[in-house]
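Okay, here's what each chain looks like letter by letter:
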Amino acid sequence: MITPNVSQCLRWLVPAQLIVQMYQAIEHTWIILAFYLVCLCLKWNQLQSGQKAFKRLYRILGLVIALVIVAGLGQSYGYLTAVISLLAFTQSLKLLEFESYRDLFGITCVQLFLIAAGLLLHVELIHAVVLTISLLLSVIALLQVQLVKLKAKKLSIYASKLMLLSLPLALLLFFAMPRLPPLWQMPKSQNAQTGLSETMKFGDIANLSRSNKLAFRATFDNLPPEQKDLYWRVLVHDIYDGTEWRSSLTLKKKPLSAYLMSRLSWQEQGAYWDYAILAEPSYQPWMFALDIAKVSGIKAKMAADFTWYADKPINQALEYRVRSYYEAPVQQRPDNWFYQINLQLPEQGNEKTRQWAQQLKTQFTEPELLIEHVLEQFAEQAYYYTLSPPRLLDDQIDEFLFKTKQGFCAHYASSFVFVMRAAGIPARVVAGYQGGEWNPKGEYFSVYQYDAHAWAEVYLPEQGWVRFDPTAYVAPERIEQDLSSALGDEEEFLANNRFALVKYKDNWLVNEVRLGFANINYQWSKWIVNYNQNSRSDFWKDLLRFDWWKLLKWLSLAIFVFFSYLIYRGLKHSQRADINKPYQQALSILAASGVKREPGMTARELLPQLKALSDESHTVWLKICQLIDRHEYQTESSKIQRKIYSHMTKQVQELREACKNGRKD
């Protein structure tokens, strides 16, 4: 039997083990790493002093200590943590008796399982690279025994070649073999749940806004919405007990049943956005979408409040398709149940706010006027937007509205809904995310936990449920730009995270590198991590349908196509899509319809004349004005500029038809 040089093997084995032990320590408890370091020190002392193997009694004692710790971890974090922790402790104990090649082989097998466990819990590309390095070091340690005379550099090259030789088989297994649900969908402890919660206190979203953890990404098929329109609906809170908001049991647990559907009235019509969501693991069932959404591509249910829930918690990266009808009105026939839920308030407390609401109800007979007055109070009085508001005691709404006047979005949304309900107007709090960071590298939005937001919905008889965001009146920068712009210089953005690169986005180089790496990680998540049974079936279907003979014919023109594409791309990206030509065509259409444009007049100054011509032409011209404004005053990528040009051309055609109809009338 081959007897390994333990000291030389440990030079490669210890760094490999430290990587996986560090992962387990960060994910579960630092006791795992401490136990490993103690075992490592004991082993190193044994090698330096020339002692024999540890006595059996000492090894049994170490095993008992490890089992006690594992049992405690299992009770606190669940059996998954207990199983993985047991492997980590086994690796540490096995290190103490490492003397033979069989011991090295056993240690390496445990190492492979721990690497796989790390990949189960950390799917980002950077973690895959780090754990691959750990695998490479483990292979080198095995080769060290067989190839004693090789130097470190040649050992590294040899091990790398062996791993590359296994790559084709790994790719075949990845694309051809079905995924194993029991392995890839192992449960996670409650402590791992991230993002929004079923309940909402005044400070919950403010605490969440201190995290730069990614929540999800959204890729739009066509022209993406503007920042101010990105209200990602997640949860609806309609029960308030004086300290926190929660979802009523009826809405939370009952999907959109036949009865509730009969009380609602909305249709899949009007303008919509088509987009794909790639959600990060949150270990929660709720999903992300803009109003009003229809989700496809996965098993999911819509609740009566138009939130969406997956059939099981999202334990891994999940991609699904959404179509949001953002102009669709939602009517609801109120009944006793409706008023009981959406007018609910605690029996006592916040008397000053209740009295103010009654005064407003007497003063304003129309709900719209009352709502406008309350929002104007937020805008005109000395209310402040802050992540660190003063602590509120018993009557939280009273203290906030009339005393502290400092709060985050949850303070404003909660207080607004309380006033509405006290005035007899049905209202509820919606929790979700607002905005997102546009990544021009991959043409998608990244939404982080610090984008968490709360707003209000009010039921108006003639309009249905209507969104109102009091935060937009206190800190409009939060809605139109982002959280860091709203905080300004008064508070530090992500103060608890000094190394968050998003804090340095004003530095061009840092921001370019950050967005580049984010896009690489997005592509990794989209095409590798999210590869599932459906993706595998689609892959083989596309492969079998592929016309290989056609590929061979086109391959003869590859060089010509390649250089032509390079020239075309260079010319395409060097020019900015100019919408002046379709704009001049639109002006010619207006002139033919009798709309006169005086020299120096802007596009928006023609709107009154279009209103007199016809409502249809006025609507189309307003869309043209919005496209012109976005083209001229917002910094967009070349791809978005081309989409604006395409939309502009389409609107010109619609304007021609609208003007014809206007002349007939």
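Quick caveat: nothing in here was measured; it's all calculated off a predicted structure. (Residues numbered from 1 in each chain as written. Predicted model: local features only at pLDDT ≥ 70, side-chain atom pairs only at ≥ 80, totals over all residues. Heavy atoms only, no water.)

Concerning the sheet that holds strand 1 (residues 199-201)
Here is the rule we go by: We treat two strands as partners when DSSP finds at least two bridges between them. Secondary structure follows DSSP: runs of H or I at least 4 residues long count as helices, runs of E at least 2 residues long count as strands, and numbering of each begins at the N terminus.
Strand order in the open sheet formed by three strands is 1-5-4, and the pairing between neighbours is antiparallel. The open sheet is flanked by strand 1 and strand 4 (239-240), the only strands paired with a single partner. The pairing of strand 1 with strand 5 (residues 244-246) spans three bridges and is classified as antiparallel. Following the sheet pairing, Met200 is matched in strand 5 by Trp245.

Section: the pairing of strand 20 (residues 464-468)
Quick note on the threshold: Relative accessibility under 20% of the residue-type maximum defines a buried residue, over 50% an exposed one, and the middle range a partly exposed one, all with a 1.4 Å probe and only protein chains included.
Summarising burial for strand 20: four of the five residues are buried, a large majority. Of the pairings in the sheet, the one linking strand 19 (residues 452-460) to strand 20 comprises five bridges and is antiparallel in character. Within strand 20, the residue paired with Val458 across the bridge is Val466.

So, the environment of Leu119
This is how the line gets drawn: Throughout, a residue-residue contact means that at least one pair of heavy atoms, one from each residue, lies within 4.5 Å.
Its place among the elements puts Leu119 in helix 5 (residues 101-121). Taking C-alpha positions, Leu119 is 10.0 Å from Tyr23, a pair spaced 96 residues apart along the chain. Setting aside its immediate chain neighbours within four residues, Leu119 contacts Ala128 and Leu131.

What about a nonpolar patch on the surface?
Basically, it comes down to this: Think of a patch as exposed residues, more than 30% relative accessible area, with no salt bridge, where like charges cluster within 9 Å and nonpolar side chains (Val, Leu, Ile, Met, Phe, Trp, Tyr) cluster within 5 Å. Method for areas: the Shrake-Rupley scheme with a 1.4 Å probe, in which residue coverage is limited to the protein chains shown. For this document, the term salt bridge refers to a Lys or Arg side-chain nitrogen within 4 Å of an Asp or Glu carboxyl oxygen.
Together, Trp508, Leu509, Val513, Phe517 and Ile520 make up a nonpolar patch on the protein surface, roughly 580 Å² of accessible area in all. Judged by its relative accessible area of 58%, Phe517 is exposed.

Focus on the side chain of Ser247
Within the secondary structure layout, Ser247 lies in the loop between strand 5 and helix 11 (249-253). Judged by relative accessible area, Ser247 falls into the buried class, the value being 9%.

Thoughts on the sheet that holds strand 20
Stated formally: For helices, the fitted axis covers only the stretch in contact; all axes are lines through C-alpha atoms, and the angles between them, taken along N-to-C directions, range from 0 to 180 degrees.
In spatial order, the strands read 8-3-16-19-20; together these five strands make up an open sheet with antiparallel pairing. Lying at the two open borders of the sheet, with one neighbouring strand each, are strand 8 (289-290) and strand 20. As paired elements, strand 16 (residues 427-434) and strand 19 share seven bridges and run antiparallel to each other. By the bridge assignment for strand 19, Arg428 is matched with Glu457. Sitting on the sheet, helix 15 (residues 367-380) touches strand 19 and strand 20, and the angle it makes with strand 19 is about 155°. In the packing of helix 17 (residues 409-422) onto the sheet, the strands contacted are strand 16, strand 19 and strand 20, and the crossing angle to strand 19 comes to about 15°.

What to know about the pattern of salt bridges
With the rule as written, the count across this model stands at 18 salt bridges. The shortest N-O distance in the salt bridge between Glu280 and Arg217 comes to 3.5 Å. Highlighted residues: Glu280 in the loop between strand 7 (273-279) and strand 8 and Arg217 in strand 2 (residues 214-220), separated in sequence by 63 residues. When sorted by exposure, Glu280 lands in the same class as Arg217, which is buried. With its nearest N and O atoms 3.4 Å apart, the salt bridge here joins Lys611 to Asp615. Connected through shared salt-bridge partners, Arg233, Asp291, Arg428 and Glu457 make up one network.

Notes on the nonpolar core
The line we're drawing: Throughout this description, the term nonpolar core refers to a set of buried Ala, Val, Leu, Ile, Met, Phe, Trp, Tyr and Cys residues connected via side-chain atoms within 4.5 Å.
Of all hydrophobic cores here, the largest spans 98 residues; its most connected members are Trp232, Phe378, Phe416, Met420 and Tyr433. The residues contacting Phe416, other than those within four sequence positions of it, are Ile371, Val374, Leu375, Phe378, Ala456, Val458, Phe468 and Pro470. Judged by nonpolar contacts, the second largest core, of 25 residues, contains Leu587, Leu590, Leu610 and Val652.

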